[in-house]
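Spelled out from the first residue to the last, the chains are:
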Amino acid sequence: MSESPKKLHVSADEARAVAEASRETTWTAPSFVRELFLGNLDLSLIHPWPEPAADPREREFMERFERFLRDEVDGERIEREAKIPAETIQGLRALGAFGIKIPREYGGLGFSQLTYGRAMAMASSVSSALVALLSAHQSIGAPMPLKLFGTEEQKKKYLPRLARGAISAFALTENDVGSDPARMSTTATPDGDSWILEGEKLWCTNGSIAEILVVMARTPSKVPGKPGPISAFIVEASSPGVEIVKRLEFMGLRGIENALIRFRGVRVPKENLLWGEGRGLKLALVTLNTGRLTLPATMVATGQWCLNVCRPWAAERVQWGRPVGQHEAVAQMLSEMAARTYAMAAVADLGALLSDAGKSDIRLEAAIAKLWNTDAAWALCDDAMQIRGGRGYETAASLASRGEAPIPLARVMRDLRINRIFEGSNQIMRLFIAREALDTHLKAAGDAVMPGVPTGRRFAAMIRAGLFYAVWYPSRWLGWGRWPQYAEFGRLATHVRWVERAARRLARQQFHLMMRYQAGLEKRQAQLFRCVDIGAELFVMAATCARAHRDHAKAPADATPLELADLVCRQSRRRIEASFRAIASNDDVASYRLARGVMDGRYAWLEEGILAAQAEVAAAEARREVAAAGR
């Protein structure tokens, strides 16, 4: 077996520089969430609710897709065999499901982000493995980078093939590289008319069956002694030197085709460089701005599915003389399940509609949609498990074996957990959102507070910051967030007014934290996360109110969405107030000190009395070696 790629030593400053270089540094289009963090509630960006363009082709596709999922796909078979059957993949190809977002001129269906998201949501209600297959191909696989950054020659060569169902994958993660790409060790070295690719990629979804890969690798550095920039390459999986080392297995998503891939002397034609040398990370981040919208849409389907499972059960299951849903403990869970599902739908659909309209920068909206919806879906699935009890924990196959409805809640829960890790863990999402939310402040005052800035630049920054904040800060105290503002929202107007006031309060709070911690604020992640969570909840409130205002006119009088939105806002307001209180009074320092003690081993005595995991791993390895020697 060949040796592992050499690990790079990267300092914190170098890692930060790589991350900063990959950011989109300008805001060429408006962002509702960016303005919200700055203390501005610009409802004109989301209200009236954006309406999708009518396309009968999309409706016809969704009808055919629904029939296919219902009649041809067996989620339990995929779970049992840990494999999506070949005939299912072929059926998806026949439907055009691998080219939903690929433009028609390149052989795709050319449908909207909204329709794509709804298709993925519907697929997730049958099998999450199908979503992993289609989403890894279309949201972060080759089609989207090619569509956004490919040359016309690259598009003509690859997009028709991808639309017909040539499966693609995106290879970024490595054994020593998760959310810190500065440590990447895979290299691409120029050699005549080719690049020579060397390295390994881990957890590459679709990697074990992909025909086409987008691979991130370091190209040679222009600065001696420094790691080279990261670039993106289109790689044919059939190329000599590409080795699928192993298909990997996980707690859930048993049908996922996820692989460890090794590249040894792989020749990649020079024309297969995407967007230009050194632009790989920026390509990945821009691609993910839209690609992240798949997860929020599928989380909506999870909420709908759990509600569909729990509603009849709560009404029919009788305990202590009453249906369990009439007992307040269960009723509280049901009401939150319904309200959160409606809020998730508002957030997911709004992100897709803004993306389709193409008039907004949605990097923050997409990140919050991923963060909030995945957290919310996990919480409500846990409630569904609690409501169903033993029948939730029992597998569908076991339920069927004794004549009960084979409801696969256990599978849904196992499949669901990865979504808070996929496409940037939710902790990384909070860091990303915090950095973008503070962008205006860093441009205004960054050089005044950051260490290592020359005196002249620091002095100029202090003057610039003083002029900016002399106007900006007082304006965060001024404004009218009271009656009759936003009266068109009816019973929800009080919540919208509260959002306006809370947004200005959040903007002031971020400024106060910057003044208090200055350059050290980046290390106070708990405080940054509280600000992010406040902004996320404010976005959810605003999106839900805008959606409910649109939906109210066509809803039945006894099932108005205003009731759902009202509960969403009440609960969000409590969470926001709790976060504001925690900014002022918390246990962050004591908690961090204790964590350092845990890592240093001072509390190792807490682990006594078990068979330690590391010891078990070593024992299992020894048993395998003995067995191998015996053979």
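Residues numbered from 1 in each chain as written. Predicted model: local features only at pLDDT ≥ 70, side-chain atom pairs only at ≥ 80, totals over all residues. Heavy atoms only, no water.

**Overview of helix H12 (residues 328-357)**
Thought 1: Compared with an ideal rise of 1.5 Å per residue, which puts 30 residues at 44 Å, H12 spans 43 Å between its outermost C-alpha atoms and is within 8% of the ideal.
Thought 2: A positive backbone phi angle near 70° is found at Gly358, which sits one or two residues after H12. (Helix = DSSP H or I, 4+ residues; strand = E, 2+ residues; numbered from the N terminus. Expected span 1.5 Å × (residues − 1).)

**Some remarks on a nonpolar patch on the surface**
Thought 1: Residues Leu594, Val598, Tyr603, Trp605 and Leu606 make up a contiguous nonpolar surface patch of roughly 520 Å² in combined accessible area.
Thought 2: Mapping Trp605 onto the fold places it in the loop between helix H23 (588-599) and helix H24 (613-630). (Patch = residues over 30% accessible without salt bridge, like charges linked within 9 Å, V, L, I, M, F, W, Y side chains within 5 Å. Areas by Shrake-Rupley, 256 points an atom, 1.4 Å probe, with all protein chains shown as cover. Salt bridge = Lys/Arg side-chain N within 4 Å of Asp/Glu carboxyl O.)

**Here's the deal with the confidence of the model for the protein chain**
Thought 1: Mean pLDDT for the protein chain: 93, with 98% of residues reaching 70 or above.
Thought 2: Counted against residues more than four places away or in other chains, residues 1-5, with its pLDDT under 50, gives seven contacts. (pLDDT = per-residue confidence, 0-100. Contact = heavy atoms within 4.5 Å.)

**Considering the packing of helix H21 (residues 525-552) against helix H22 (residues 561-584)**
Thought 1: At a closest axis distance of 9 Å, the pairing of H21 and H22 adopts a crossing angle of 165°. By the angle class used here, H21 and H22 are roughly antiparallel. Helix-helix and strand crossings are classified by hand; for H21 and H22 the assignment is left-handed. (Axes fitted to C-alpha atoms, helices over the stretch in contact; angles between N-to-C directions. Parallel < 35°, antiparallel > 145°, perpendicular 65-115°, else oblique. Left-handed = near helix turned anticlockwise from the far one by under 90°.)

**Here's the deal with the nonpolar core**
Thought 1: Counting 106 residues, the largest nonpolar core has Phe32, Ile433, Leu538 and Phe539 as the members making the most contacts within it.
Thought 2: Looking at this core element by element, the count peaks at 16 residues for H12.
Thought 3: Of all hydrophobic cores here, the second largest spans 27 residues; its members include Ile89, Ala97, Leu130 and Leu133. (Core = buried A, V, L, I, M, F, W, Y, C linked by side-chain atoms within 4.5 Å. Buried < 20%, exposed > 50% of the residue type's maximum accessible area, 1.4 Å probe, protein only.)

**Topic: the pattern of salt bridges**
Thought 1: Counted by the stated rule, this structure contains 40 salt bridges.
Thought 2: The partner of Glu87 in a salt bridge is Arg77, and the shortest N-O contact between them spans 2.9 Å. With Glu87 in helix H5 (residues 86-95) and Arg77 in helix H4 (residues 75-81), this residue pair connects regions lying 10 residues apart in the sequence.
Thought 3: Glu87 gets classed as partly exposed once you look at its relative accessible area, which sits at 49%.
Thought 4: Note that Asp588 is salt-bridged to Arg530, the shortest N-O span being 2.8 Å. Here Asp588, found in helix H23, pairs with Arg530, found in helix H21; they are 58 residues apart in sequence, far enough to count as distant. Arg530 shares its class with Asp588; the two are buried.

**As for the packing of aromatic side chains**
Thought 1: Under the counting rule described, the total for this entry stands at 13 aromatic pairs.
Thought 2: Geometrically, the ring pair formed by Phe32 and Phe539 is tilted, given 6.1 Å between the ring centres and 45° between the ring planes. Taken together, the positions of Phe32 in helix H2 (residues 32-37) and Phe539 in helix H21 put the pair 507 residues apart, joining distant regions of the chain.
Thought 3: Residue class for Phe32 comes out buried when judged on its relative accessible area of 1%.
Thought 4: Relative accessible area serves as the criterion here: at 1%, Phe539 is assigned to the buried category.
Thought 5: Taking the centre distance of 4.9 Å and the plane angle of 80° together, the rings of Phe468 and Tyr469 count as edge-to-face.
Thought 6: Exposure remark for Phe468: the relative accessible area of 28% places this residue in the partly exposed category.
Thought 7: For Tyr469, a relative accessible area of 10% puts it in the buried group.
Thought 8: Taken together, Phe468, Tyr469, Trp472, Tyr473, Trp477 and Phe511 form an aromatic cluster joined through their ring pairs. (Phe/Tyr/Trp six-rings, centres within 6.5 Å; stacked < 30°, edge-to-face > 60°.)

**Considering the side chain of Asn206**
Thought 1: With respect to the helices and strands, Asn206 occurs in the loop between strand S3 (194-205) and strand S4 (212-218).
Thought 2: A polar atom in the side chain of Asn206 sits 3.2 Å from the backbone oxygen of Ser168.
Thought 3: When sequence neighbours within four positions are dropped, the list of residues in contact with Asn206 reads Ala132, Leu133, Ala136, His137, Ile167, Ser168, Ala169, Glu257 and Asn258. (Polar contact = N/O pair within 3.5 Å; in protein donor to acceptor, adjacent residues only side chain to side chain.)

**What to know about the pairing of S3**
Look at any regular strand and the pattern is simple: side chains alternate between the two faces of the sheet.
Thought 1: Extensive coverage of S3 is indicated by the burial of 10 of its 12 residues.
Thought 2: Sheet analysis places strand S2 (residues 187-191) next to S3, joined by five bridges and oriented antiparallel. Its bridge partner lying in S3, Thr189 is registered against Ile196.
Thought 3: The antiparallel pairing of S2 with S3 creates a hairpin that spans two residues between the two strands, and Gly192 there sits at a positive phi of about 65°.
Thought 4: Pairing between S3 and strand S7 (residues 258-269): 10 bridges, direction antiparallel. Looking across to S7, one finds that Thr205 is bridged to Asn258. (Pairing = 2+ DSSP bridges.)

**A few points about the environment of Ala628**
Thought 1: Tracing the backbone shows Ala628 in helix H24.
Thought 2: Along the chain, Ala628 and Val617 lie 11 residues apart, while their C-alpha atoms are 17 Å from each other.

**Topic: the packing of helix H11 (residues 294-316) against H12**
Thought 1: It is the contact of H11 with H12, at a shortest axis distance of 9 Å, that shows an interaxial angle of 155°. Classified by the angle between their axes, H11 and H12 sit roughly antiparallel to one another. As H11 packs across H12, the resulting crossing turns out to be left-handed. Contacts from Pro296, Ala297, Met299, Val300, Gly303, Gln304, Cys306, Leu307, Cys310, Arg311 and Ala314 in H11 reach Leu334, Met337, Ala338, Thr341, Met344, Ala345 and Ala348 in H12.

**Comments concerning unusual backbone geometry**
Thought 1: Residue Pro48 is reached from His47 by a cis peptide bond, and omega for that bond is 0°.
Thought 2: As for its placement among the helices and strands, Pro48 is situated in the loop between H2 and helix H3 (56-72).
Thought 3: In this structure, the amide linkage connecting Trp483 to the following residue, Pro484, adopts the cis form with an omega of 5°.
Thought 4: Phi at Asn206 is positive, roughly 75°, even though this residue is not glycine.
Thought 5: Even without a glycine there, the phi angle at Glu423 is positive, about 55°.
Thought 6: In this fold, Glu423 is placed in the loop between helix H16 (409-416) and helix H17 (426-437).

**So, the side chain of Ser135**
Thought 1: Checked against the element boundaries, Ser135 lands in helix H7 (residues 128-138).
Thought 2: Its relative accessible area of 7% is what places Ser135 among the buried residues.
Thought 3: Those residues within four positions of Ser135 in sequence are excluded, and the remaining contacts are Tyr116, Met120, Ile140, Thr294 and Glu423.

**Quick look at the environment of Glu488**
Thought 1: As for its position among the elements, Glu488 is in the loop between helix H19 (455-475) and helix H20 (493-517).
Thought 2: A relative accessible area of 46% means that Glu488 is categorised as partly exposed.
Thought 3: Separated by 61 residues in sequence, Glu488 and His549 place their C-alpha atoms 8.6 Å apart.
Thought 4: Contact partners of Glu488, with chain neighbours within four places excluded, come to His47 and His549.

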